[in-house]
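One-letter residues, chain by chain:
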Amino acid sequence: MTSTTPRRFRFGLTTTHAAPPYAVRECARRLEGEGWATLLMREHAGPSSIFAPLVSAASVTSELRVGTLAANDSVPDPVLLAHEAAAVNLLVDGRLELGLGAARRTDTARMRSTWAEGAHVPLLLTDHDDDALALAAQEADIVALNGLTVTGSDVAPDGAGFDAVAARVRLLEAYAGERFSRLELGALTLVASVGGDADRAVLPVASALGLAPDVVRDSPLALVGSASEVVDKLLATRERLGISYVMVRDTAMDEMGPVVAALAGT
């Protein structure tokens, strides 16, 4: 991989758009106070706008960025979605990150062409297969690696091992060419179990994911062990793979606190 100056660590919390507004606002206040970078809506389905809770979260914070992981259904037309995202980005003072679900990835070029100069919204795309990675290399601002492989309707964490993730980063670099240095690499962690001994915690996590314990222990997408062990792992992962944006589920918010305090912005 091309050697570049490491990006500063950012930490994002993913939650569901179904959370009530007061809970979203309270979560946003806490995240900003603790040094988290982003609050992301994890999935979206149904008629309600995925952007409404993000505007609510931004209204009670000044620096916290807000975004989506999978804006799929609320606005079927990509041009309308682009216009809505640009309008929301204005409402949140330029703090929006737009993640698109698998069904929207082919819309990225049309959406970019819709945005006027200066109205660009950073695009976050995830990696499910080679086609998605190739598109992310050319269109995304943020590429979120998730270690998942999709076979028909089955999704499995078969690509979560260190070597597999490293291979995805190398392929992304090949697809992106000179654009690679401008991409922010993120990890959608499969599990975060912080605060105990890594060797003791790995076995139940490995069993739940259907992976070998050694794969979980080495995976950049599994944050397991004491806070200091997780900090060391993230530092090593950034050094070796360039991954600096760490996204975890809201169930891990409390236990990730010491890690965020140690690394955010460094």
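That block above? That's the structure.
**Description of the packing of aromatic side chains**
Scanning the entire structure with this criterion turns up two aromatic pairs. Note on F9 and F11: the rings are 6.1 Å apart at their centroids and 25 degrees apart in plane angle, and the pair reads as stacked. Each member of the pair F9 and F11 is classed as buried. Look at F11 and W36: their rings are 6.5 Å apart centre to centre, the planes differ by 80 degrees, and that puts the pair in the edge-to-face class. With a gap of 25 residues between them, F11 in strand 1 (residues 10-15) and W36 in the loop between helix 1 (21-34) and strand 2 (38-41) connect regions that are remote in the sequence. Classification of F11 as buried rests on a relative accessible area of 1%.

**Focus: the nonpolar core**
A general tendency of soluble globular proteins is for nonpolar side chains to be buried together. Counting residues in hydrophobic clusters, the biggest one holds 75 residues, and the most contacted among them are F11, L98 and M256. It is helix 6 (residues 162-176) that provides the largest number of residues to this core, a total of six residues. When neighbours within four sequence positions are excluded, F11 is seen to be in contact with W36, A37, T38, L234, Y245, V246, M256, V259, V260, L263 and A264. Core analysis: the next-biggest nonpolar cluster, separate from the first, contains eight residues, L40, A144, L188 and M247 among them.

**Describing empty space enclosed by the protein**
Under the criterion given, the structure shown has one cavity of 30 Å³ or more. Space inside the largest cavity adds up to approximately 50 Å³. Every residue lining the largest cavity is listed: A187, T189, P220, L223, L234, T237, R238, I243 and V246. Counting residues per element, the ones that place at least two in the lining of the largest cavity are helix 9 (227-241) and strand 12 (243-249).

Criteria and cut-off values
- Residues take numbers from 1 onward in each chain, read along the sequence in its written order.
- Only residues with pLDDT of 70 or above have their local features reported here, since the model is predicted, and side-chain atom pairs are shown and tallied only from 80 upward, although totals for entire chains, interfaces and linings are computed over all residues.
- Side-chain descriptors were evaluated using all non-hydrogen atoms of the structure, hydrogens and water having been removed beforehand.
- In summary, the pairing rule links any two rings of Phe, Tyr or Trp, Trp by its six-membered ring, whose centres are within 6.5 Å, and it sorts them by plane angle into stacked for under 30 degrees, edge-to-face for over 60 and tilted for everything else.
- The buried label goes to any residue with under 20% of its type's maximum accessible area, the exposed label to any with over 50%, and the partly exposed label to all in between, with areas taken from a 1.4 Å probe on protein chains only.
- The helix count covers DSSP runs of H or I at least four residues long, the strand count covers runs of E at least two residues long, and both are numbered beginning at the N terminus.
- The definition of a nonpolar core used throughout is a set of buried Ala, Val, Leu, Ile, Met, Phe, Trp, Tyr and Cys residues joined through side-chain atoms within 4.5 Å.
- Residue contacts are defined here by distance: any two heavy atoms, one from each residue, within 4.5 Å place the two residues in contact.
- Grid points spaced at 1 Å and placed over the protein atoms alone form the basis of the search, with a cavity being a set where a 1.4 Å probe fits but cannot get out and a pocket an open set showing protein on both sides within 12 Å along at least five of seven lines. Lining residues have an atom within 4 Å of a point.
- Grid points are joined across faces, edges and corners, and a volume is the space filled by probe spheres set on the points.

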